[in-house]
Amino acid sequence: RARDAQRVHRQILVLRHPDRHRLEVLEERRAAQVPAARADLARTPVSEAKAAGPIDPATGEAWHRGNVLGHVSEMLDYWTGQIQRANDGSDTMGRDEKGTASRRHGIDHGDGLTEVELRKAIDEKIGRVLVLLAAMKPHDLERTVEFHNREGNRTARVGELLQNLVVGHLEEHIRQLAGLA
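What comes next concerns the included structure. (Residues numbered from 1 in each chain as written. Predicted model: local features only at pLDDT ≥ 70, side-chain atom pairs only at ≥ 80, totals over all residues. Heavy atoms only, no water.)

**Re the packing of helix H3 (residues 33-43) against helix H8 (residues 158-179)**
Consideration 1: Two elements in contact, H3 and H8, have axes separated by 10 Å at closest approach and are oriented at 20°. In terms of axis orientation, H3 runs roughly parallel to H8. Like other packed secondary-structure pairs, H3 and H8 cross with a definite hand, here left-handed. Residues Gln 33, Val 34, Ala 37, Asp 40 and Leu 41 of H3 form the contact with H8, whose participating residues are Gln 163, Val 167, Leu 170, Glu 171, Ile 174 and Leu 177.
Consideration 2: Within the contact of H3 with H8, the residues separate by chemical class into seven nonpolar, two polar and two charged. (Axes fitted to C-alpha atoms, helices over the stretch in contact; angles between N-to-C directions. Helix = DSSP H or I, 4+ residues; strand = E, 2+ residues; numbered from the N terminus. Parallel < 35°, antiparallel > 145°, perpendicular 65-115°, else oblique. Left-handed = near helix turned anticlockwise from the far one by under 90°. Contact = heavy atoms within 4.5 Å. Nonpolar A, V, L, I, M, F, W, Y, C, P; charged D, E, K, R; others polar.)

Printed below as a string of structure tokens:
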């Protein structure tokens, strides 16, 4: 799986960019991010602690470990599905009211499962992300969509959204989880 992800990230290198050398360095570094995030999650100690972390100024929410893991499980499914829809020809991505409700359900669902159950589900979903990455071609990453989030709408490349909404988001929540140990 890691080799497939590396192949896809090498394909990203063929994309045109004004600062090609900088892009090559960045994309080579990102080639192993999803497998590395998976390993980071596996190394993060399991805990049944329910103390909430600090309040997120962007959302006003304060999450405990179950909330974080529930959200990660949901967001991996949600954004993988959104990217697959874009690959299939959809010209929009983002969270509408249904997507926002799904996010909330994922956060709350983290209270109903053990950390071990949530981590197992997340590991399976990371596997699906790797399958998606392996199937993507350079033109899939270059495709532009109208992206909607709480800040509004904007045109974005699918590759950018994949990096921000799946890879970077996963890494961010793994760091958050480590801080809640």
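Here the narrative resumes, following the displayed structure.
**Focus: the pairing of strand S3 (residues 152-157)**
Consideration 1: Pairing between strand S2 (residues 144-149) and S3: six bridges, direction antiparallel. In the sheet register, Glu 146 faces S3, and the bridge partner there is Thr 155.
Consideration 2: Remark: two residues form the turn of the hairpin made by S2 and S3, two consecutive strands paired antiparallel. (Pairing = 2+ DSSP bridges.)

**Overview of the pairing of S2**
Consideration 1: Of the strand pairs in this sheet, strand S1 (residues 92-94) and S2 are connected by three bridges, and their pairing is parallel. Looking at S2, one finds that Met 93 is bridged to Phe 147.

**Re the nonpolar core**
Consideration 1: Grouped together as the largest cluster of nonpolar side chains are 37 residues, with contacts concentrated most on Leu 76, Trp 79, Ile 83 and Met 93.
Consideration 2: Of all the elements in the fold, those that place two or more residues in this core are H3, helix H4 (65-87), helix H6 (115-135), S2 and H8.
Consideration 3: With near-sequence residues (within four places) excluded, Ile 83 lies in contact with Met 93, Leu 132, Met 136, Val 158, Leu 162 and Val 166. (Core = buried A, V, L, I, M, F, W, Y, C linked by side-chain atoms within 4.5 Å. Buried < 20%, exposed > 50% of the residue type's maximum accessible area, 1.4 Å probe, protein only.)

**Brief notes about the environment of Ala 39**
Consideration 1: Along the chain, the position of Ala 39 falls in helix H3.
Consideration 2: Residues Ala 39 and Asp 123, spaced 84 residues apart in sequence, show a C-alpha to C-alpha distance of 9.7 Å.

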